[in-house]
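Listed here are the chains, written in short residue letters.
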Amino acid sequence: MNAPFPAPSPTESTVDAAPGAMLTVRIRRDGGFQAFTVARRPAQTVLDVVTEIQREQDPTLAYRFACRVGMCGSCAMMVNGRPRWTCRTRVAAVAEGDGLTLEPLRNLPVVKDLAVDMEPFFAKWTAAHGAFEPGAVPADDFAVVAPESPERRAVDAGIECINCGVCYAACDVVAWNPDYLGPAALNRAWTLVNDVRDRGQDARLAAVSGDAGCQSCHTHMSCTEHCPKALAPTFAIAGLKRATARAALKRFGAQAFRGPSGRRPS
Amino acid sequence: MSPMLYLAQRGTAVILAMAVAVHLGTILYAVRGGLTAGEILGRTQGNGAFLAFYGIFVVAAAIHAPIGLRSILREWTPWRGRSLDGAMLAVSALLAVLGLRAALAVYLA
Ligand code: HEM
Ligand code: SF4
Ligand code: SF4
Ligand code: FES
């Protein structure tokens, strides 16, 4: 398998650097790299480093964060060439020697410095019918969903997505085919395909099919490798491939049964 | 890729996997057995099973390969739309014609 990023080093250390050690941080800005030097601190995260640079050295540095605890999904960047959530990434685990290279998230337009425009990412979320569709009339009663049912388990496996865009940055198919909906949107669609209350399944399966849809995934697994929430969009996409194939076969069968007139025999 | 093209590519992949195995197995058997070209042609000539097997093999490849080629071209070149689909149909036809012609030639030889 052709990994687009260097494989994670088995010798990754989370041991803090010696007191007094310094870190050289190269940040991609305005088409080049700008270098900063920051003191290494115990339990320091990559986001801590960026914040320190912005507060102490260059207030014009643009980046994005909110929760700082791995919930909001806003702090993702390329760290030494790999997409990561920076608030939960320890410098000690990813620094190469005393160096850190930070770039804006791949596959998305840069707004400024380390802040990217997430609009295309969320537009694809919508295009993949990533919102619950309740149907025209409200259900009469609560739906009973057994926690052990296969559908509920499939939903559980993918529901904790925080929309960080790490998988989207990791995916080569997104880079090659800018229309491709991408792992996060397709993973979300798969959780809804397994939601027994949803009434928009035919339209959703149609939306995730085609040259922009699940069939374009090559099972490279970069998304699954990099997702900080340890989700597996690759398997969600495989589920969509099966579900859309089944639906297409059913349509084909129904068409053959009805004949070219398009009328169902009574 | 539409779900139907997807099914066609995966379905023909299954046929190809089996056909390639039989194809290679037969070559190894024929070579190890020390058969000459003449002896091989003697067995394939007028052999309906031979023709049916390679007919299916060729048709499967003619369906499978252009679908995959279309994906690659869409990813690596800006080529899209009807002209690409038309070209892939032409590749499919070319593979089918060349392959079936070869199988038929051996059958009739
Ligand atoms: C042992 C027999 C074969 C098997 C099991 C097989 C299987 C597959 C599968 C599963 C894919 C989809 C890959 C993906 O979507 O990521 C694929 C793609 C492809 N196949 Fe085959 N194949 C076989 C033989 C062939 C032959 C004989 C040809 C050429 C004549 C061929 C040409 C292609 C091409 C061009 C692609 C597109 C590559 C891609 O989508 O990544 N295959 N094959
Ligand atoms: S498995 Fe599919 S979606 Fe995930 S990185 Fe690979 S091609 Fe992209
Ligand atoms: S699937 Fe994982 S990597 Fe992708 S957006 Fe959701 S949490 Fe982030
Ligand atoms: S700042 Fe919220 S996930 Fe990193």
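The name an unreviewed UniProt entry assigns to chain B is Succinate dehydrogenase, from the organism Methylobacterium adhaesivum. The UniProt entry for chain B carries the following comment under Subcellular location (unreviewed entry): "Membrane". The record in UniProt for chain B states the following under Cofactor (unreviewed entry): "heme".

Going by an unreviewed UniProt entry, chain A carries the name Fumarate reductase iron-sulfur subunit and comes from Methylobacterium adhaesivum. The UniProt entry for chain A carries this comment under Sequence similarities (unreviewed entry): "Belongs to the succinate dehydrogenase/fumarate reductase iron-sulfur protein family." You can read under Pathway (unreviewed entry) in the UniProt record for chain A the words "Carbohydrate metabolism; tricarboxylic acid cycle; fumarate from succinate (bacterial route): step 1/1."

Draft legend 1. Quick look at the site of ligand 2. All names here are of chain A. Residues in close proximity to ligand 2 total 13 residues, the closest being C171, C217, H220, M221 and C223. Those elements that provide at least two residues to the shell around ligand 2 are α9 (222-226) and α10 (233-258). The residue inventory of the shell around ligand 2, partitioned by class, reads eight nonpolar, five polar and no charged.

Draft legend 2. Expanded view of the environment of W85 of chain A. Residues and elements named next belong to chain A. Residue placement: W85 occurs in strand β4 (residues 82-85). Judged by relative accessible area, which is 13%, W85 ranks as buried. Expressed as a C-alpha distance, the spacing of W85 and V46, which sit 39 residues apart in the sequence, is 8.8 Å. Apart from residues lying up to four places away in sequence, W85 is in contact with G70, C75, A76, I162, V166, P228 and K229.

Draft legend 3. Local environment of the site of ligand 1. Around ligand 1, a shell composed of H218 of chain A together with Q9, R10, A13, L16, A17, H64, A65, G68, L69 and I72 of chain B is seen. Nearby residues around ligand 1 are contributed by chains A and B. The separation between an oxygen atom of ligand 1 and a polar side-chain atom of H218 of chain A is 2.8 Å. Here a nitrogen atom of ligand 1 sits 2.8 Å away from a polar atom, N or O, in the side chain of H64 of chain B. At the level of secondary structure, the elements contributing two or more residues to the shell around ligand 1 comprise α1 (3-32) and α3 (48-76) of chain B. Its residues assigned to classes, the shell around ligand 1 shows six nonpolar, four polar and one charged.

Draft legend 4. Representation of the interface of chain A and chain B in the model. Chain A puts 16 residues into the contact, and the matching count from chain B is eleven residues. Summed over both partners, the interface of chain A with chain B buries about 1,300 Å², with 58% contributed by carbon and sulfur atoms. When the area that chain A buries against chain B is broken down by residue, the three leading residues are W176, D211 and Q215 of chain A, summing to 45%. Counting across the interface, chain A meets chain B through two salt bridges. A salt bridge links D211 of chain A to R70 of chain B, with the nearest nitrogen and oxygen atoms 2.7 Å apart. The tally of links between chain A and chain B comes to four residue pairs in polar contact (both at pLDDT 80 or more). Among the elements of the structure, α6 (172-176) and α10 of chain A are those that each provide at least two residues to the side of chain A that touches chain B. Of all the elements, α10 of chain A adds the most residues to the side of chain A that touches chain B, at six residues.

Thresholds, definitions, all that
Residues numbered from 1 in each chain as written. Chains lettered and ligands numbered in written order. Predicted model: local features only at pLDDT ≥ 70, side-chain atom pairs only at ≥ 80, totals over all residues. Heavy atoms only, no water. UniProt positions renumbered as here; feature names shortened; annotations may be inferred. Near = heavy atom within 4 Å. Helix = DSSP H or I, 4+ residues; strand = E, 2+ residues; numbered from the N terminus. Nonpolar A, V, L, I, M, F, W, Y, C, P; charged D, E, K, R; others polar. Buried < 20%, exposed > 50% of the residue type's maximum accessible area, 1.4 Å probe, protein only. Contact = heavy atoms within 4.5 Å. Polar contact = N/O pair within 3.5 Å; in protein donor to acceptor, adjacent residues only side chain to side chain. Buried area = accessible area lost by both parts, 1.4 Å probe. Salt bridge = Lys/Arg side-chain N within 4 Å of Asp/Glu carboxyl O.

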